[in-house]
Amino acid sequence: MLSRTRSCHPAISSIIGPLYLRICRCTYSTKPPTSELPPPRLDYRNISENITSKSLNVLNRKARLPHDAVATVARSYSEWKRISTELNAKRNARSAVGERVRRSANDTERQAAISEASKLKAEVKELEATLDAAEQRCLLSALSLPNDTHPQSPLGPEPAAVTLSTHGPGPLPADIKRDHVTISEHFGLLDLKSGSTVTGTSWYFLRNEAALLELALTNYAMSIAIQRGFSPVITPDVVRSDIAVRCGFQPRDDADPPRDFRNSFSGTFANKVYSSLNLPLKVVGVGHAFRAEAGARSADTRGLYRVHQFTKVELFAVTAEDASEDMMEEMLSIQKSILEGLNLPFKVLDMPTEELGASAYRKYDIEAWMPGRGTWGEVSSLSNCTDYQSRRLHIRYRPQGSASDSMPTRLPFAHTLNGTAAAIPRLIVALLENGTIFNDESEIVALRLPHALRPFWIGGKQRDIVRWDDASD
């Protein structure tokens, strides 16, 4: 396995930089990202020994890579090993010649040995440079590969997703009168015109009860996660591009910059070693996510469903390598608890290979019924990234308390998971479209909201448009 124990900031910039510029050329900078971390440590041997299966994995995931991407890694690794073997031989030869210089019996013998040592020194220097270049080629090609895929993940595009479970009340009939934009205009909840004037299309202002609803949803989701053992944290919304790339960020186009505060969670654990006794590490945070592709699909451009910026409550966990699948189910149970408390119809999907991000080994999506849109809409997702991110970020742990007294020759890499506890705008869409109350003339008269949000509601009763579904108001 290729690795360097020393931290090499210029080297990592030259390795990650070309990859970043190739997959994420931001409009505001052309400089390769700097790094505070040592180079990623990837398992080249495993890649080289499983060319066929990993090539099939790339194909199944429709990764935007050349057909021989995996084979290129294997070739680069073989070349690195060949050069490394030759370099070691030259170094050994130089050491032997150095010993001859010290033990030379006369000047003639000494000068011959010095001449040979000088030649070997130049050869070693040249091979070291060649080895560094080969290592960078190997790392660059390997960094572009996606994670492995869970054997139970469905094959194919989005329609191949498998419904694992359904929850909540029966879905209301699709009804254009329940469109959240129409409802928002009626009550003065959503100001898209001002958002467009101030910032641009697909930006918005939440007003009145919609603003209060965002606050209530945020605190409600945070409270459930904290009750389940997740520690609260407020993170930066912006991360170094180096961190984003190491987390597996691969944008859809050149105008799509690093955009999700969840990458800052991963970064907080970077380049650290944890005791296995302290795992799992579980955090929940609130911040903003940014999307460049708002408006990319015409059916989803209306209102709040697909916007450039939105508030999100995010779950993140670090586990031992044998505990991530159990943690995924634990995090899913939290997501389901949050949505069940909101009394929304929703379903859990096991997402197919073509819908997996580069870092995801397995991904669950949760979709809620939105009768005004007449379809299900994604409101949450959950990914097990196994050691994909931790190998790039150097998140490791020290096994302790095992039956064996022997320690591993290398510290194992932890597994990381991330999941959405609450994507606020889409939950607002679902709550408005499912909770709007009409009178006998089909006129909008009020909003029915779940009682689970009432303890977190800070508004008064100036307009008296909210009805709580506990029938106590």
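It should be emphasised that the depicted structure is a prediction, and the values quoted were computed from it without experimental measurement. (Residues numbered from 1 in each chain as written. Predicted model: local features only at pLDDT ≥ 70, side-chain atom pairs only at ≥ 80, totals over all residues. Heavy atoms only, no water.)

Help me understand the overall build of the protein, please; the structure alone is not making it clear to me.
Scanning the protein from N- to C-terminus turns up 13 helices and 15 strands. By the burial criterion, 51% of the 473 residues in the protein qualify as buried. Look at the contacts in the protein between residues 6 or more apart in sequence, and 73% of them connect residues 24 or more apart. Carbon and sulfur atoms make up 50% of the accessible area of the protein, which totals about 22,200 Å². (Helix = DSSP H or I, 4+ residues; strand = E, 2+ residues; numbered from the N terminus. Buried < 20%, exposed > 50% of the residue type's maximum accessible area, 1.4 Å probe, protein only. Contact = heavy atoms within 4.5 Å. Areas by Shrake-Rupley, 256 points an atom, 1.4 Å probe, with all protein chains shown as cover.)

I would appreciate a short explanation of the side chain of Lys-54 in the present structure.
Inspection of the secondary structure puts Lys-54 in helix H3 (residues 51–60). Classification of Lys-54 as buried rests on a relative accessible area of 12%. Here the side chain of Lys-54 touches Asn-46 through a polar contact of 3.1 Å, side chain to side chain. Not counting chain neighbours up to four residues away, the residues in contact with Lys-54 comprise Asn-46, Ile-47, Val-70 and Asp-148. (Polar contact = N/O pair within 3.5 Å; in protein donor to acceptor, adjacent residues only side chain to side chain.)

Would you explain the packing of aromatic side chains in this entry?
Any aromatic ring pair is given by two values, namely how distant the centres are and how the planes are angled relative to each other. Tallying each qualifying case throughout the model produces eight aromatic pairs. Aromatic side chains Trp-457 and Trp-468 sit 5.5 Å apart centroid to centroid with 80 degrees between the ring planes, which places their arrangement in the edge-to-face category. With Trp-457 in the loop between strand S14 (444–449) and strand S15 (466–468) and Trp-468 in strand S15, the pair connects residues that are 11 residues apart, well separated along the chain. Like Trp-457, the residue Trp-468 is buried in the burial classification. Taken together through their ring pairs, the aromatic side chains of Phe-265, Phe-269, Tyr-274 and Phe-316 make up a single cluster. (Phe/Tyr/Trp six-rings, centres within 6.5 Å; stacked < 30°, edge-to-face > 60°.)

What exactly am I supposed to notice about the nonpolar core here?
Grouped burial of nonpolar side chains is what soluble globular proteins tend to show. The biggest cluster of nonpolar side chains holds 63 residues, and the ones touching the most others in it are Leu-217 and Leu-342. By residue number, the principal contributor to this core is helix H8 (residues 209–227), which donates nine residues. Not counting residues within four places of it along the chain, the set of residues in contact with Leu-342 comprises Leu-217, Tyr-220, Leu-427, Leu-431, Pro-450 and Leu-453. (Core = buried A, V, L, I, M, F, W, Y, C linked by side-chain atoms within 4.5 Å.)

Would you take a moment to explain the packing of helix H6 (residues 180–187) against helix H13 (residues 424–435) for this structure?
Packed helix pairs are characterised by how far apart their axes lie and by the angle those axes make with each other. Direction vectors running N to C along H6 and H13 enclose 80 degrees, while the axes themselves pass 9 Å from each other. When the axis of H6 is compared with that of H13, the two are roughly perpendicular. On H13, the residues that touch His-180, Ile-183 and Ser-184 of H6 are Val-429, Leu-432 and Glu-433. (Axes fitted to C-alpha atoms, helices over the stretch in contact; angles between N-to-C directions. Parallel < 35°, antiparallel > 145°, perpendicular 65-115°, else oblique.)

Any chance you could explain the confidence of the model for the protein here in plain terms?
Caution applies to low-pLDDT parts of the model: their predicted coordinates are not meant to be read in detail. When pLDDT is averaged across the protein, the result is 86; 86% of the residues are at 70 or more. Note that residues 1–32 has pLDDT below 50 and, in this model, 76 contacts with residues that lie over four places away or in other chains. Predicted confidence for residues 252–258 stays below pLDDT 50, and this span has 23 contacts to residues more than four positions away or in other chains. (pLDDT = per-residue confidence, 0-100.)

Just to check I follow, could you spell out the sheet that holds S15 for this structure?
Sheet strands pair by backbone hydrogen bonding; their relative direction is either parallel or antiparallel. Taken together, three strands build an open sheet; the order of strands is S13-S14-S15 and the sheet is mixed. Whereas interior strands pair on both sides, the edge strands pair on one side only; in this sheet they are strand S13 (436–438) and S15. Averaged over all adjacent pairs, the angle separating strand axes in this sheet is 40 degrees, with direction ignored. Strands S13 and S14 of the sheet are contacted by H13, whose axis makes an angle of about 20 degrees with S13. (Pairing = 2+ DSSP bridges.)

Help me understand the sheet that holds strand S4 (residues 231–234) in this model?
An order of S1-S8-S9-S10-S12-S7-S6-S4 is seen for the eight strands of this open sheet, with the pairing classed as mixed. The sheet terminates laterally at strand S1 (162–167) and S4, the two strands that pair on one side only. Ignoring strand direction, the axes of neighbouring strands in this sheet form an average angle of 25 degrees. As defined by bridge partners, S4 adjoins strand S6 (residues 281–290) across four bridges and the pair is classed as parallel. Pairing of Pro-232 across the sheet is with Val-284, part of S6. Against the sheet, helix H11 (residues 324–341) touches S1, S6, strand S7 (309–319), strand S8 (346–350), strand S9 (362–370), strand S10 (375–384) and strand S12 (415–423), its axis set at about 150 degrees to S10.

I'm lost on the side chain of Thr-149 in this one. Help?
In this fold, Thr-149 is placed in the loop between helix H5 (107–143) and S1. At 2.5 Å, the side chain of Thr-149 and the side chain of Asn-57 are in polar contact. Only 2.8 Å separates the side chain of Thr-149 from the side chain of Arg-61, close enough to count as a polar contact. Those residues in contact with Thr-149, other than ones at most four positions away along the chain, are Asn-57, Arg-61, Thr-353, Leu-356 and Tyr-361.

Which parts of the structure should I look at to understand H11?
For an α-helix the count is 3.6 residues per turn, leaving residues at separations of three or four pointing the same way. With 18 residues, H11 should cover 26 Å at 1.5 Å per step; its first-to-last C-alpha distance of 26 Å lies within 8% of that length. Backbone geometry just after H11 places Asn-343 at a positive phi near 60 degrees. (Expected span 1.5 Å × (residues − 1).)

Would you take a moment to explain the packing of H8 against H13 for this structure?
Two elements in contact, H8 and H13, have axes separated by 10 Å at closest approach and are oriented at 115 degrees. Between H8 and H13, the angle is such that the two are roughly perpendicular. Here H8 and H13 pass one another in a crossing that is right-handed. Counting all contacts with H8, which are made through Ala-210, Leu-213, Glu-214, Leu-217 and Thr-218, the residues of H13 involved are Ile-424, Leu-427, Ile-428 and Leu-431. (Left-handed = near helix turned anticlockwise from the far one by under 90°.)

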